[in-house]
Amino acid sequence: MKNILNEGSTYTVDIKFSGLILDNLVGLYRTHYVDAYGASKWLATTHFQPVYARRVFPCFDEPSFKAPFEISIARRTNMTALSNMPLRETEPMKGNPDWVWDHFHQTPPMSTYLVAFTISNMESIAAENTTGGTTIRVWAPRADLHLTKYALDVALEIVPFMEEYFGVKFPLPKLDMLAIPNFGKAAMENWGLISFRKSSLLFDTNSKSIKTKSFILAKIAHELSHQWFGNLVTMEWWSDLWLNEGFGTFMAEVVITKLRPKWHSYSSIKIRDTYNTLYADSLKSTHSIQMEITSNTQIEQTFDPIIYQKGSSILKMLNFTLTENVFRKGLQQYLKKYAYSSASQDDLWSLYTRTARNESIIPQTVTVKALMHSWSTQSGYPMITITRDYSTQTAILNQTKFTENLENTTSDALWYVPVTYITKGDNTVRVVWLENNRETKLNLTGIGNDSWILLNVDETG
Ligand SMILES: [Zn+2]
């Protein structure tokens, strides 16, 4: 550089960059499938999370750096290009009649790991989301197109539900969901262009399998919830990934419980994930869901089942503790305050603490940050023992870290636990707090010594 750069001035940096299209399922990669007539079809698609956008274009490839993107793609005339935003214009390529340029509308400010595009021969079915005017399309190879209707119907139900839940319209003018023949993850929430493995999106409507239906519905709900929580507002750094993924998993359960109450999703399907995770989190090999991240390899390793399931379980506990109304209100404030920007989990916790204190929902001695940190920064979880003293009509609640081999427990770890309980003849769910201390006393005067007491109502605390 010949001249000295002046502070406060704006400079445009023009970088020429080229990269290879490999078949390694990350960055911009190519893959192929056999179509209905036995012919091999190629497609190119992207997967950038967490650190692969930098392989395709030069960028500050970290979630907190947001920028608007203007994407142009050259393609053969017999193929279709898709990106995060709708197509603005198609331009002929000079001297090359078989090729054209597709120019897409500029995106709102967004993180690089959510940028996406695909060039393929896939076909789609479409419908309009009537509440927000968003066009929703589901794409698949032609031979699979008849398996896309379930996903489209489900998305048409979930998008308006989430618009209402989050108090924010779907943030982009369109939504494409793709059934990619070879995809490394079950799904990826690219903004406005969600990629799915075929088995996570396609469903034969002649099948009656509730298990498959709920699996697909949960996957779609999870990815759709990221369009707001994760994409519109993004975590500042990957150490908060558990909140992003735990939230997607939590929202999938909310959606299924509200939209398909007859499936009894928690007791039939979800409980298995919960108990598998409780077991994994009781082993020596477990880790806290909040982790310090200093290398790219660590980011990849963070995506494990514990962060999804434990993250979801503790958000479920928070939702119950704050009440559904306060939980949603705090979330809506968070999404409005940090829209098109990034935030840390503590930004969300402080919004919750303020509302919860105002409405006297949590004790003055508890903050939502302290509650959530006790669960996210420590591995494992407490086992709570209740010992009832009938002579004084009280009970003592005691917490100890649960490990696979209880005899070896020597941990000093303590948690904030809002312990829920009901008693015989009183269906009101009450809460007694273990506030980061070993024991607390519960007063049972008036409930009678012949009455039973049940803790951890519906596994919410
Ligand atoms: Zn996710």
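Residues numbered from 1 in each chain as written. Predicted model: local features only at pLDDT ≥ 70, side-chain atom pairs only at ≥ 80, totals over all residues. Heavy atoms only, no water.

With that out of the way, let us pick up the pattern of salt bridges. One pass over the structure, following the stated rule, counts 17 salt bridges. Across the salt bridge formed by Glu157 and Arg260, the nearest N and O atoms sit 2.8 Å from each other. Here Glu157 is found in helix α1 (residues 149-166), whereas its partner Arg260 is found in the loop between α4 (241-259) and α5 (265-280), with 103 residues between them in sequence. One salt bridge connects Asp273 with Arg272, and the closest N-O pair in it is separated by 3.6 Å. Taking the relative accessible area as the measure of exposure, Asp273 reaches 23% and is therefore partly exposed. By relative accessible area, Arg272 is classed as partly exposed at 47%. Taken together, the salt bridges that share partners define one network made up of Arg137, Lys174 and Asp176. (Salt bridge = Lys/Arg side-chain N within 4 Å of Asp/Glu carboxyl O. Helix = DSSP H or I, 4+ residues; strand = E, 2+ residues; numbered from the N terminus. Buried < 20%, exposed > 50% of the residue type's maximum accessible area, 1.4 Å probe, protein only.)

Let us now look at the sheet that holds strand β20 (residues 426-435). The strand order across the open sheet built from three strands is β20-β19-β22, with neighbouring strands paired in antiparallel fashion. Each edge of the open sheet carries a strand with a single partner, namely β20 and β22 (453-455). For this sheet, the mean inter-axis angle between neighbouring strands, taken without regard to orientation, is 30°. The sheet contacts of helix α10 (residues 368-376) involve β19 (416-423) and β20, and relative to β19 the element is tilted by about 100°. (Pairing = 2+ DSSP bridges. Axes fitted to C-alpha atoms, helices over the stretch in contact; angles between N-to-C directions. Contact = heavy atoms within 4.5 Å.)

Here we take up the coordination of the zinc ion. Taken together, His222 (NE2), His226 (NE2) and Glu245 (OE) make up the protein donors of the zinc ion, found 1.9 to 2.1 Å from the metal. Taken in chain order, the donor set of the zinc ion reads H-x3-H-x18-E. Note that His222 is positioned in helix α3 (residues 210-226) and Glu245 in helix α4, a separation of 23 residues in sequence. Judged by its relative accessible area of 10%, His222 is buried. For Glu245, a relative accessible area of 2% puts it in the buried group. (Donors = N, O, S within 2.8 Å, 3.2 Å for Na, K, Ca; no water.)

Bringing the UniProt feature "binding site: Zn(2+)" (unreviewed entry) in the protein into the picture now. The UniProt feature table records "binding site: Zn(2+)" (unreviewed entry) at His222, His226 and Glu245. These annotated residues cover 24 residues of sequence, but their C-alpha atoms sit close together, with the largest distance between any two at 8.5 Å. With respect to the element layout, His226 can be found in helix α3. Not counting residues within four places of it along the chain, the set of residues in contact with His226 comprises Glu189, Asn231, Leu232, Asn244, Glu245 and Gly248. Polar side-chain contacts of His226 include one of 3.1 Å to the side chain of His222. (UniProt positions renumbered as here; feature names shortened; annotations may be inferred. Polar contact = N/O pair within 3.5 Å; in protein donor to acceptor, adjacent residues only side chain to side chain.)

Given a rise of 1.5 Å per residue, 18 residues ought to cover 26 Å, and the 26 Å separating the end C-alpha atoms of helix α7 (residues 305-322) matches this to within 8%. Burial within α7 is extensive, with 14 of its 18 residues counted as buried. Two residues or fewer after α7 comes Thr323, characterised by a positive phi angle close to 80°. (Expected span 1.5 Å × (residues − 1).)

Turning our attention to the side chain of Ser225. Within the fold, Ser225 resides in helix α3. Relative accessible area serves as the criterion here: at 0%, Ser225 is assigned to the buried category. With sequence-adjacent residues up to four places away left out, Ser225 is seen in contact with Met162, Phe166, Phe247, Gly248 and Met251.

The next point concerns the UniProt feature "site: Transition state stabilizer" (unreviewed entry) in the protein. The UniProt record marks Tyr308 with the feature "site: Transition state stabilizer" (unreviewed entry), using the residue numbering of this structure. With respect to the secondary-structure elements, Tyr308 resides in helix α7. The exposure class assigned to Tyr308 is partly exposed, which follows from its relative accessible area of 24%. Apart from residues lying up to four places away in sequence, Tyr308 is in contact with His222, Glu245, Gly246, Thr249 and Phe303.

Attention now moves to the packing of helix α9 (residues 345-358) against α10. It is at 8 Å that the axes of α9 and α10 come closest, and there the two elements cross at 135°. The angle between α9 and α10 falls in the class oblique. For the pair α9 and α10, contact is made by Gln345, Asp346, Trp349, Tyr352 and Thr353 and by Val368, Lys369, Met372, His373 and Ser376, respectively. Its residues assigned to classes, the contact of α9 with α10 comprises four nonpolar, four polar and two charged. (Parallel < 35°, antiparallel > 145°, perpendicular 65-115°, else oblique. Nonpolar A, V, L, I, M, F, W, Y, C, P; charged D, E, K, R; others polar.)

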